[in-house]
Amino acid sequence: MEQMFNIASKVEHYPKFVPWCREAVVTKQGDTENSFYCRLTVGFPPVVERYTSLVTISKPRIVKSVCSDALLFHHLKTIWKFSEGIDNRPDTCTLDFYVDFEFRSTLHTKLAHMFFDEVVRTMVDAFLKQARLLYGPQSIKSNQQRKSVKYQPSDS
């Protein structure tokens, strides 16, 4: 669990392995010792967005990021939650990844409806690949893993 938490919480390393992340720079400490601001540049031409997120961590369970100044989004929030995995297998964990966002543009909203599942899977797979690179092969067979993706439009 702690290994996966370490990958998700080191936002400044995202450009090395997260698709579409071009830049991630920690700009300043947040209001608490468990928070910091990070400037991110994401996308691919011609759609590239630069924004700042407040990242809050609760080691080793939660990494939460809330966008504070995006032009592309009305709001964007991601949460990585880590919990114990298989009983008596400390080398496993359960990973829940939440994304809540609303685009300002109707076109972007329609595109998100079409590609949301694939984008989320691609991002989660990038983190799993980084875990294999840093810590070795996964500890359970892939047919035992559960992945579910649910798109729920924002109410706001």
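Right, let's walk through the structure included here. (Residues numbered from 1 in each chain as written. Predicted model: local features only at pLDDT ≥ 70, side-chain atom pairs only at ≥ 80, totals over all residues. Heavy atoms only, no water.)

## Focus: the nonpolar core
Just so we agree on the cut-off: Among the buried residues, those of types Ala, Val, Leu, Ile, Met, Phe, Trp, Tyr and Cys that are joined through side-chain atoms within 4.5 Å form a nonpolar core. Each residue is assigned to one of three classes by its accessible area relative to the maximum for its type, calculated with a 1.4 Å probe on protein chains only: buried under 20%, partly exposed between the two thresholds, exposed over 50%. Secondary structure elements follow DSSP: runs of H or I no shorter than four residues count as helices, runs of E no shorter than two count as strands, and numbering proceeds from the N terminus. For this analysis, residues touch if any pair of their heavy atoms sits within 4.5 Å.
By size, the foremost hydrophobic cluster in this structure holds 33 residues, and its most contacted members are Val 11, Tyr 14, Trp 80 and Phe 127. Every element with two or more residues in this core is listed here: helix H1 (2-9), strand S1 (21-29), strand S2 (35-44), strand S3 (47-58), strand S4 (62-67), strand S5 (73-84), strand S6 (93-103) and helix H2 (106-135). Top element by residues in this core is H2. It accounts for seven residues. Residues within four places of Trp 80 in sequence aside, it is in contact with Ala 8, Tyr 14, Arg 61, Ile 62, Val 63, Leu 95, Asp 96, Phe 97, Val 124 and Phe 127.

## Notes on the pattern of salt bridges
To keep it simple, the criterion reads: Salt bridges are defined by distance alone: a side-chain nitrogen of Lys or Arg within 4 Å of a carboxyl oxygen of Asp or Glu.
In the structure shown here, the tally under the stated rule is five salt bridges. Across the pair Glu 2 and Lys 59 runs a salt bridge, and its minimum N-O distance is 3.5 Å. A residue pair is termed long-range when its members are at least 10 positions apart, and Glu 2 in helix H1 and Lys 59 in the loop between S3 and S4 qualify at 57 residues. Here Arg 39 and Glu 23 are joined by a salt bridge, their closest N and O atoms 3.4 Å apart. One end of the pair, Arg 39, is in strand S2; the other, Glu 23, is in strand S1, and 16 residues separate them in sequence. What emerges from the salt-bridge pattern is a single network uniting Glu 23, Arg 39 and Arg 50.

## Looking at the packing of H1 against H2
Inclusion rule: To get an axis, a line is fitted to the C-alpha atoms, and for a helix only the part in contact is used. The angle between two axes follows their N-to-C directions and goes from 0 to 180 degrees. Note on convention: the crossing is left-handed when the near helix lies turned anticlockwise from the far helix by less than a right angle, right-handed when the turn is clockwise. Residue type decides the class: Asp, Glu, Lys and Arg count as charged, Ala, Val, Leu, Ile, Met, Phe, Trp, Tyr, Cys and Pro as nonpolar, and the leftover types, Gly among them, as polar.
Axis separation between H1 and H2 bottoms out at 10 Å; the angle between their running directions is 115 degrees. Where H1 crosses over H2, the two elements pack in a sense that is right-handed. Counted together, Gln 3, Met 4, Asn 6, Ile 7 and Ala 8 of H1 and Phe 127, Leu 128, Gln 130, Ala 131, Leu 134 and Tyr 135 of H2 form the full contact between these two elements. When grouped by side-chain class, the residues that make up the contact of H1 with H2 number eight nonpolar, three polar and no charged.

## Some remarks on the sheet that holds S5
Selection rule: Two strands pair under a simple rule: DSSP has to find at least two bridges between them.
The strand order across the open sheet formed by six strands is S1-S2-S3-S4-S5-S6, and the pairing between neighbours is antiparallel. Looking at strand neighbours, the two that pair on one side only are S1 and S6, the edges of this open sheet. Within this sheet the neighbouring strands show an average axis-to-axis angle of 20 degrees, counted without direction. With respect to the sheet, H2 is in contact with S3, S5 and S6, its orientation differing from that of S6 by roughly 155 degrees.

## As for the packing of aromatic side chains
Any pair of aromatic rings gets described here by the distance separating the centres and the angle formed by the planes. The condition that has to hold: By convention, a stacked pair of Phe, Tyr or Trp rings (six-membered ring in the case of Trp) has centres within 6.5 Å and planes under 30 degrees apart, an edge-to-face pair has planes over 60 apart, and any other such pair is tilted. Any Lys NZ or Arg CZ that is within 6 Å of a ring centre and within 35 degrees of that ring's normal is treated as a charge sitting over the ring.
This structure, assessed with the given rule, holds ten aromatic pairs. When the ring of Tyr 14 is compared with that of Phe 127, the centres are 5.3 Å apart and the planes differ by 90 degrees; the resulting orientation is edge-to-face. Of this pair, Tyr 14 sits in the loop between H1 and S1 while Phe 127 sits in helix H2; the two residues are 113 residues apart in sequence, bridging distant segments of the chain. Across this residue pair, the class does not change: Tyr 14 and Phe 127 are buried. Residues Phe 101 and Phe 103 carry aromatic rings whose centres are separated by 5.3 Å and whose planes lie at 70 degrees to one another, so their mutual orientation is edge-to-face. Side by side, Phe 101 and Phe 103 carry an identical accessibility label, which is buried. Site record: aromatic cluster; members linked through ring pairs are Tyr 14, Phe 17, Trp 80, Phe 97 and Phe 127. The aromatic ring of Tyr 37 is capped on one face by Lys 28, whose charged end is 5.0 Å from the ring centroid.

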